[in-house]
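Here are the chains, one letter per residue:
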Amino acid sequence: MIFHHVDQQRREQRRQGPPRRHRGEHVASLKNFLPTATPNTLPPSEAYAPRTATVGPEGRKRTITRLPEWLKTPIPSAGTNAGFAKIKADLRGLGLHTVCEEARCPNIGECWGGGSKAAATATIMLMGDTCTRGCRFCSVKTSRAPPPLDPHEPENTAEALARWGLGYVVLTSVDRDDLADGGARHFAETIRRIKAKKPTMLVEALTGDFWGNLEMVKVVAESGLDVYAHNVETVEGLTPYVRDRRATFRQSLKVLEHVKEVKGKEGIITKTSIMLGLGETEEEIWETLRELRKVDVDVVTFGQYMRPTKRHLQVERYVTPDEFELWRQRALDMGFLYCASGPLVRSSYKAGEAFIENVLRKRAGEKAMATDSLGQAVAAEEATGKSL
């Protein structure tokens, strides 16, 4: 009887239809059923605090420090990023190497996947993918006897860059201490080929120190490039522990200084990069910037040191975005032409290249205007002389 009574009630409800709403009756809003995001109200000191996690099986658990949120980037995919796929295919087809891949740069998806060819950036690594030095922060392969140079590389590189239609390109290389000239002439020939195929393309060369051979520095500086970059990498006190023992802080300063001596203060832009998070002190960073200004370095970049593998130096601390911004302001106040500073900034970060490109084109325009004005003045003077 109970089940019969329940069935009757259900039939009656279906016959009457859904309950009617009367005017003025309160009904729950749709937003009451939607998930709401909890705003991050943590102060910066807590938001930037390192997060830890316990991992491992029972009996062998250990505590690790998680990567801060501001250092996490999406993994690029050729299937979802057409620009990334095209640049990778071109590189493989011509047998070229990039520091973007070899050094596991976190910005590879952003730089390779630009919205247009002109916006995309790829840093070409010349002279192979094997270095003769063993810096403790770098993941590039090392060997005392790397394979010989590819004589077709300068032409292949120039052809690839002309095909992409880039406006600004960065060339770098492994150190080749096994070569008499350190690879300087190979570097210079590549730059000359690029300029021959596309004179309007701006070229930045990120070179090694050529073991302090300033004649080889001059060879590259006079090859037609627009920006000469050489990285000091870290402060002077940490250099012996971070870089290969054949590289010294003072030697790097001499390289940057000699470029200006060869090309003149306004004849070329010099650039260097510093990693933070290796254990440097604030005063050591200040001193490094002062030394760089003494040799008229124009551009400096700051980035977070990221440990490539467990075989490399540990990260001493993760520098916050606010501190990177502070050093950017300090560098500009000291007279640097430009400073790119951020956790994911690297030496050839494309935002910096866009600024430098504008500076170079502006200087070129001013030189052209000055030449035109001089030509007009000479013509006017000659016309006046003839009339007399």
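What counts and how
- Residues numbered from 1 in each chain as written.
- Predicted model: local features only at pLDDT ≥ 70, side-chain atom pairs only at ≥ 80, totals over all residues.
- Heavy atoms only, no water.
- Salt bridge = Lys/Arg side-chain N within 4 Å of Asp/Glu carboxyl O.
- Helix = DSSP H or I, 4+ residues; strand = E, 2+ residues; numbered from the N terminus.
- Buried < 20%, exposed > 50% of the residue type's maximum accessible area, 1.4 Å probe, protein only.
- Polar contact = N/O pair within 3.5 Å; in protein donor to acceptor, adjacent residues only side chain to side chain.
- Contact = heavy atoms within 4.5 Å.
- Expected span 1.5 Å × (residues − 1).
- Arc of directions from axis to C-beta.
- Core = buried A, V, L, I, M, F, W, Y, C linked by side-chain atoms within 4.5 Å.
- Axes fitted to C-alpha atoms, helices over the stretch in contact; angles between N-to-C directions.
- Nonpolar A, V, L, I, M, F, W, Y, C, P; charged D, E, K, R; others polar.
- Phe/Tyr/Trp six-rings, centres within 6.5 Å; stacked < 30°, edge-to-face > 60°.
- UniProt positions renumbered as here; feature names shortened; annotations may be inferred.

> Break down the pattern of salt bridges for me, citing the residues and quoting the values.
Any two side chains of opposite charge can pair, so long as their charged atoms come close to each other. All chains considered together, the criterion is met by 24 salt bridges. Between Lys265 and Asp296 there is a salt bridge, with its nearest N and O atoms 3.9 Å apart. One end of the pair, Lys265, is in the loop between helix H10 (249–263) and strand S10 (269–276); the other, Asp296, is in the loop between helix H11 (282–294) and strand S11 (299–304), with 31 residues separating them in the sequence. On the basis of relative accessible area, Lys265 is assigned to the exposed category, the value being 54%. With a closest N to O distance of 3.1 Å, Glu282 and Arg330 form a salt bridge.

> Got a sec to walk through the side chain of Thr132? Specific residues and values, please.
In this fold, Thr132 is placed in the loop between strand S5 (130–131) and strand S6 (141–142). A polar contact of 3.0 Å, which involves the side chain of Thr132, links it to the backbone nitrogen of Asp177. In this view, Thr132 contacts Ser143, Arg144, Pro146, Asp175, Arg176, Asp177, Asp178 and Arg246; residues no more than four positions away in its chain are not counted.

> Any details on helix H6 (residues 153–164)? Residues and values, ideally.
An α-helical turn contains 3.6 residues, so any two residues separated by three or four positions project in the same direction. Relative to the 16 Å expected for twelve residues at 1.5 Å per residue, H6 spans 16 Å between its end C-alpha atoms, a close match to the ideal helical length. For H6, the full list of buried residues reads Glu153, Pro154, Thr157, Ala158, Ala160, Leu161 and Trp164. Taken around the axis of H6, the buried residues stretch over an arc of 165 degrees, which confines them to a single face. Once H6 ends, the next one or two residues include Gly165, with phi positive near 75 degrees.

> Describe the nonpolar core, and please don't skip the residues or the numbers.
Formed by 32 residues in total, the largest nonpolar core has its most connected members in Leu161, Leu171, Phe187, Ile191, Val220 and Tyr228. Every element with two or more residues in this core is listed here: helix H3 (82–94), strand S4 (123–126), H6, strand S7 (168–173), helix H7 (184–197), strand S8 (202–206), helix H8 (214–221) and H10. If sequence neighbours within four positions are ignored, Leu171 has contacts with Ile124, Leu126, Thr157, Leu161, Phe187, Thr190, Ile191, Ile194, Val203, Glu204, Ala205 and Leu206. Of all hydrophobic cores here, the second largest spans 26 residues; its members include Leu253, Ile285, Leu292 and Cys339.

> So what about unusual backbone geometry? Which residues, and what values?
Trans peptide bonds make up the majority, and among non-glycine residues the majority have a negative phi. Even without a glycine there, the phi angle at Phe210 is positive, about 50 degrees. Positionally, Phe210 belongs in the loop between S8 and H8. On the basis of relative accessibility, which here comes to 10%, the residue Phe210 falls in the buried class. For Glu233, which is not a glycine, the phi torsion comes out positive at approximately 70 degrees. Counting through the fold element by element, Glu233 comes out in the loop between strand S9 (227–229) and helix H9 (239–242). Take Glu233: its relative accessible area is 15%, and that puts it in the buried class.

> Give a description of the packing of H10 against H11 that names residues and reports values.
Helix packing for two helices is described by the angle between their axes and how far apart those axes are. Packing of H10 against H11 leaves a shortest axis separation of 9 Å and a crossing angle of 30 degrees. Of the residues in H11, those touching H10 at Phe249, Arg250, Leu253 and Leu256 are Thr288, Glu291 and Leu292. Across the contact of H10 with H11, the residue classes break down as four nonpolar, one polar and two charged.

> So what about the packing of aromatic side chains? Which residues, and what values?
The geometry of an aromatic ring pair is captured by two quantities: the separation of the ring centres and the angle between the planes. Counted by the stated rule, this structure contains two aromatic pairs. Arranged with centres 5.4 Å apart and planes meeting at 65 degrees, the rings of Trp286 and Trp327 form a pair that is edge-to-face. With Trp286 in helix H11 and Trp327 in helix H12 (residues 321–333), the pair connects residues that are 41 residues apart, well separated along the chain. Aromatic pair Phe302 and Trp327: ring centres 6.2 Å apart, planes at 35 degrees, arrangement tilted. Placement of the pair is Phe302 in strand S11 and Trp327 in helix H12, with a sequence separation of 25 residues.

> Residue-level account of the UniProt feature "binding site: [4Fe-4S] cluster 2" (unreviewed entry) in the protein, with values.
Look at the UniProt record and you will see "binding site: [4Fe-4S] cluster 2" (unreviewed entry) annotated at Cys131, Cys135 and Cys138. Positionally, Cys131 belongs in strand S5. Owing to a relative accessible area of 11%, Cys131 belongs among the buried residues under this scheme. In this structure Cys131 touches Val140, Lys141, Thr142, Ser143, Val174 and Asp175, once residues within four positions along its chain are discounted. With respect to the helices, strands and loops of the structure, Cys138 is situated in the loop between S5 and S6.

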